[in-house]
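Summary of structural features
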Amino acid sequence: MNNGIKMPAVAFGTYLGFDQNGVVTPKNHELRDVVSKAIDIGWRHFDTAAIYGTEQELGEGVRMKIDDGNVKREDIFITTKLWNTKHKRDQVAQALRESLKNLGLNYVDLYLIHWPIGLNEDNSHSAVDYMETWRGMEDVQKLGLAKSIGVSNFNKGQLERVLKEGSVKPAALQIEVHPQITQSELVDFAQSNDIVVMGYSPFGSLVNRYDMPLPPPRIDDPVLVEIAEKYGKTTPQVVLRWAVDRNIVPIPKTMKVHRLEENINIFDFKLQKDEIDKINAFDKGLRYTLPSFWQSHPFYPFEKIDKPIDDPFLKKE
Ligand code: NDP
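We now turn to the structure provided with this report.

**Topic: the overall build of the chain**
- What the chain contains, in helices and strands, is ten helices and ten strands.
- Scaling as 2.2 N^0.38, a compact globule of 317 residues should have a C-alpha radius of gyration of about 20 Å, and the chain matches this with 19 Å.
- Split by element, the accessible area of the chain, about 14,400 Å² in all, is 49% carbon and sulfur.
- Within the chain, the 45 negative side-chain charges are centred at a point lying 2 Å from the centre of the 40 positive side-chain charges.

Okay, here's the thing in structure tokens:
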């Protein structure tokens, strides 16, 4: 990264999704055990967020391996994120201390502003400027609570503003990247400013996403199958490698041990330029994370749509 610290090239995602009861939280130490298994397999980078409800089990899994003497804290890279209701400058250190308490650790490797959007405790829109939040991020880095700081879901104009007005350059930008949304302009902009891009939801429509109609490429797409057969890999591995070959850190999530092996076994081959171009050609600018319920917020980062969905965070009577 631009501060000289190294980030492992692939990250394990710990967001367990959303159902009718809200964010799905881990049960019966399942995530703790998957994390500890992931460390055995070779995973070193873990992505979480205050809102995911997974910091605690992630921390347990990591600490179990540290206590066993299998790894040292400095071998592991933990990314977590500040939630939207904690955007005031003096709330940032408090929020990160809470995350560290959940994780059972005394620092994180990377702390990200999850969204440029500030909210009040009741989830109504707050006018707090993300540049105020960024000052709070600079504070937590100075305090040693986060080794590096960055942003997530910021658009180009918002990232430009942080670069211009901030005292510390963001080390990383985390955005949605998969074959249906290659984000080439934003990726080029970030990378030309020495900002590492992390790509979330890296499988796009290869995997099922709720009950949404899914455009190509699916997991058996002929273009991907042809590339996969050439290298003796699976199509999910090809898509992860496509991210790595674009210098993007993909963040695949799985709770299945055989897939933990599969998703990290991508470092013994490399795609050729024409293969990368073939996968880029699926780009439709299609987002699976589109919180249109925030689109009247002054700092909403994405293109607006005609019929925004209801806010699942707003409590209904
Ligand atoms: P992914 O693209 O990682 O898809 C996850 C799905 O893929 C799961 O259903 C998983 O099923 C399945 N899967 C995993 N590996 C394979 C494989 N090899 N073959 C077939 N299916 C597979 O998307 P997510 O949306 O879950 O995002 C990943 C991570 O990105 C999150 O966990 C989070 O850390 C981060 N993220 C960040 C956001 C942000 O706002 N900054 C927003 C969204 C995500 P199973 O578990 O059954 O294996």
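Next, the rest of the story.
**Overview of the pattern of salt bridges**
- On inspection of all chains with the given rule, the structure shows 16 salt bridges.
- Between D40 and K65 there is a salt bridge whose closest N-O contact spans 2.9 Å. You can see D40 sitting in helix α1 (residues 30-41) and its partner K65 sitting in helix α2 (residues 55-67), a full 25 residues away along the chain.
- Since its relative accessible area comes to 45%, D40 is described here as partly exposed.
- Under the relative-accessibility criterion, K65 is labelled buried at 7%.
- Here E165 ties to R161 by a salt bridge, and the two come within 3.0 Å at their closest N and O atoms. One end of the pair is E165 and the other is R161, both in helix α5 (residues 156-165) and four residues apart, which spans about a single turn.
- Counted as one network, the salt bridges with shared partners bring together D129, R161 and E165.

**Details of the environment of S152**
- Within the secondary structure layout, S152 lies in strand β7 (residues 146-152).
- In this structure, the C-alpha to C-alpha distance between S152 and I251, residues 99 residues apart in sequence, is 13 Å.
- Setting aside chain neighbours within four positions, we find S152 in contact with L112, I113, H114, W115, P116 and Q174.
- Polar contacts involving the side chain of S152 include one to the main-chain carbonyl oxygen of H114, which spans 3.4 Å.

**Points about the packing of α2 against helix α3 (residues 89-103)**
- Packing of α2 against α3 brings their axes to within 7 Å, and their N-to-C directions diverge by 50°. What the angle tells us is that α2 and α3 run oblique. Contact residues: E55, Q56, L58, G59 and R63 in α2; S99, N102 and L103 in α3.
- Grouping the constituent residues of the contact of α2 with α3 by class yields two nonpolar, four polar and two charged.

**Looking at the site of the ligand**
- Taken together, 27 residues lie near the ligand, and D47, S201, T254, K256 and R259 sit nearest.
- One of the side-chain N or O atoms of S152 is found 2.9 Å from a nitrogen atom in the ligand.
- Expressed as a share of its isolated accessible area of 910 Å², the protein-covered part of the ligand is 89%.
- When each cavity is represented as a set of grid points, the ligand is found to reside in the largest pocket.
- When residues in the shell around the ligand are grouped by element, the largest group, three residues, is from helix α9 (residues 257-264).
- The class makeup of the residues in the shell around the ligand is eleven nonpolar, nine polar and seven charged.

What counts and how
Residues numbered from 1 in each chain as written. Predicted model: local features only at pLDDT ≥ 70, side-chain atom pairs only at ≥ 80, totals over all residues. Heavy atoms only, no water. Helix = DSSP H or I, 4+ residues; strand = E, 2+ residues; numbered from the N terminus. Rg over C-alpha atoms; globule rule 2.2 N^0.38 Å. Areas by Shrake-Rupley, 256 points an atom, 1.4 Å probe, with all protein chains shown as cover. Lys, Arg positive; Asp, Glu negative; His and termini not counted. Charge placed at Lys NZ, Arg CZ, Asp CG, Glu CD. Salt bridge = Lys/Arg side-chain N within 4 Å of Asp/Glu carboxyl O. Buried < 20%, exposed > 50% of the residue type's maximum accessible area, 1.4 Å probe, protein only. Contact = heavy atoms within 4.5 Å. Polar contact = N/O pair within 3.5 Å; in protein donor to acceptor, adjacent residues only side chain to side chain. Axes fitted to C-alpha atoms, helices over the stretch in contact; angles between N-to-C directions. Parallel < 35°, antiparallel > 145°, perpendicular 65-115°, else oblique. Nonpolar A, V, L, I, M, F, W, Y, C, P; charged D, E, K, R; others polar. Near = heavy atom within 4 Å. 1 Å grid on protein atoms, 1.4 Å probe; cavity = no way out; pocket = protein on both sides within 12 Å on 5 of 7 lines; lining within 4 Å. Sits in = over half its atoms within 2 Å of the grid points.

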